[in-house]
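Coordinate inspection notes
One-letter residues, chain by chain:
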Amino acid sequence: QAWQARVLQIALGETLPAFDRQPLTDTFFRELVSLSGFSEGPRMAREKLARRGIHLVIVPHLPGIRLDGAVFLGPSGQPIIGMTLRFDRIDHFWFTLFHELGHLVLHLSEHPDQVFIDDTSPGHGHEGEADAWARERLLPAPAWRGFRLKPVTSARIVELATRLEISPAIVAGRVQRETGNYRTFRPLLGSGLVRRLFADGTLFSP
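This report concerns the structure included in the present document.

Cut-off values and rules
Residues numbered from 1 in each chain as written. Predicted model: local features only at pLDDT ≥ 70, side-chain atom pairs only at ≥ 80, totals over all residues. Heavy atoms only, no water. Helix = DSSP H or I, 4+ residues; strand = E, 2+ residues; numbered from the N terminus. Rg over C-alpha atoms; globule rule 2.2 N^0.38 Å. Buried < 20%, exposed > 50% of the residue type's maximum accessible area, 1.4 Å probe, protein only. Contact = heavy atoms within 4.5 Å. Areas by Shrake-Rupley, 256 points an atom, 1.4 Å probe, with all protein chains shown as cover. Lys, Arg positive; Asp, Glu negative; His and termini not counted. Charge placed at Lys NZ, Arg CZ, Asp CG, Glu CD. Axes fitted to C-alpha atoms, helices over the stretch in contact; angles between N-to-C directions. Parallel < 35°, antiparallel > 145°, perpendicular 65-115°, else oblique. Nonpolar A, V, L, I, M, F, W, Y, C, P; charged D, E, K, R; others polar. Polar contact = N/O pair within 3.5 Å; in protein donor to acceptor, adjacent residues only side chain to side chain. Pairing = 2+ DSSP bridges. Phe/Tyr/Trp six-rings, centres within 6.5 Å; stacked < 30°, edge-to-face > 60°. Lys NZ or Arg CZ within 6 Å of the ring centre and 35° of its normal. Salt bridge = Lys/Arg side-chain N within 4 Å of Asp/Glu carboxyl O.

As for the overall build of the chain
Scanning the chain for helices and strands turns up eight helices and four strands. Computed over its C-alpha atoms, the radius of gyration of the chain comes to 16 Å, within 12% of the 17 Å expected for a compact globule of 206 residues. Overall, the chain is about 50 × 35 × 30 Å in size when its C-alpha atoms are taken along their principal axes. When burial is assessed residue by residue, the chain has 44% of its 206 residues classed as buried. Taking the contacts inside the chain whose residues are at least 6 apart along the sequence as the reference set, 71% of them involve residues at least 24 apart. Only carbon and sulfur atoms are counted for the fraction: they give 54% of the accessible area of the chain, which is about 10100 Å². Considering the chain, the positive charge centre built from 24 side chains and the negative charge centre built from 22 side chains are found 7 Å apart.

Structure representation (structure tokens):
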């Protein structure tokens, strides 16, 4: 609750356009994930969401609390996504962001008073639905199925990412999550490349 209160406080200090669900199309989400291919991608994503009336607030997690992100509606009905960057990796940023967007698209219209707070570990119910939604937007099923038909190598990860115009970290992270082997392809995950992007005043402490 303390973490969420800080996220809300920061969001209320921002002035964004009115939120409109209509522009949240498949094209919008494809454009959003394509920003992952840029070194400044997380900052660019924050700016793109802001132009659609969606707050993205970075507040570090409190010690001892396993928390990656949350999404809820503010008093004016504008969506607020909070992220902790608990794991400072490119793949984790994009999966967490799209997981929260999944809740926004799938669940918040039916449950506007609910706060979805996540540690992005595999879940069931609403959490499983948000996971599946995020996986499909980040890495569409047809491309993923074709990719998994052959042995996975770093070169093939980069080739698929280049073809889809996304970060190789997204592909490598998906491989780790689905195989359960978190020791493979670590150099492709973009470790240590996210928090520094928000160190100029857009990264806030509770």
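Quick word on the packing of helix 4 (residues 90-106) against helix 8 (residues 168-179)
The interhelical angle for the contact between helix 4 and helix 8, taken along N-to-C directions, is 80°, at an axis separation of 8 Å. Relative to helix 8, helix 4 is oriented roughly perpendicular. Taking contact as the criterion, the partners of Ile-90, Asp-91, Trp-94 and Phe-95 in helix 4 are, on helix 8, Ala-169, Ile-170, Gly-173 and Arg-177. Residues that form the contact of helix 4 with helix 8 fall into these classes: five nonpolar, one polar and two charged.

Some words on the side chain of Asp-118
Inspection of the secondary structure assignment puts Asp-118 in strand 4 (residues 116-118). A distance of 3.5 Å separates the side chain of Asp-118 from the side chain of His-103, its partner in a polar contact. Among all residues touching Asp-118, those that are not within four sequence positions of it are Leu-67, Asp-68, Gly-69, His-99, Glu-100, His-103 and Glu-127.

So, the sheet that holds strand 1 (residues 55-58)
The strand order across the open sheet formed by four strands is 1-3-2-4, and the pairing between neighbours is mixed. Edge positions in the open sheet fall to strand 1 and strand 4, since each of these has one partner strand only. In this sheet, adjacent strand axes meet at a mean angle of 15° when their direction is disregarded. Relative to strand 3 (residues 79-83), helix 4 is tilted by about 150°, and along the sheet it contacts strand 1, strand 2 (69-73), strand 3 and strand 4.

Points about the packing of aromatic side chains
Here the structure, examined in full by the defined rule, presents eight aromatic pairs. Pairwise contacts between aromatic rings join Phe-28, Phe-29, Phe-93, Trp-94, Phe-98, Trp-133 and Phe-198 into one cluster. Here the guanidinium or amino end of Arg-177 rests over the ring plane of Phe-95, the centre of that ring lying 4.0 Å away.

A closer look at the pattern of salt bridges
Any two side chains of opposite charge can pair if their charged atoms end up close together. For the coordinates displayed, the defined rule picks out eight salt bridges. Glu-31 is paired through a salt bridge with Lys-48; the nearest N and O atoms lie 3.1 Å apart. Taken together, the residues Glu-31 in helix 2 (residues 26-34) and Lys-48 in helix 3 (residues 41-51) connect sequence positions 17 residues apart. Residue class for Glu-31 comes out partly exposed when judged on its relative accessible area of 39%. With its nearest N and O atoms 3.4 Å apart, the salt bridge here joins Glu-159 to Arg-163. Residue Glu-159 and its partner Arg-163 are both found in helix 7 (residues 154-164); the two are separated by four residues, about one turn of the helix.

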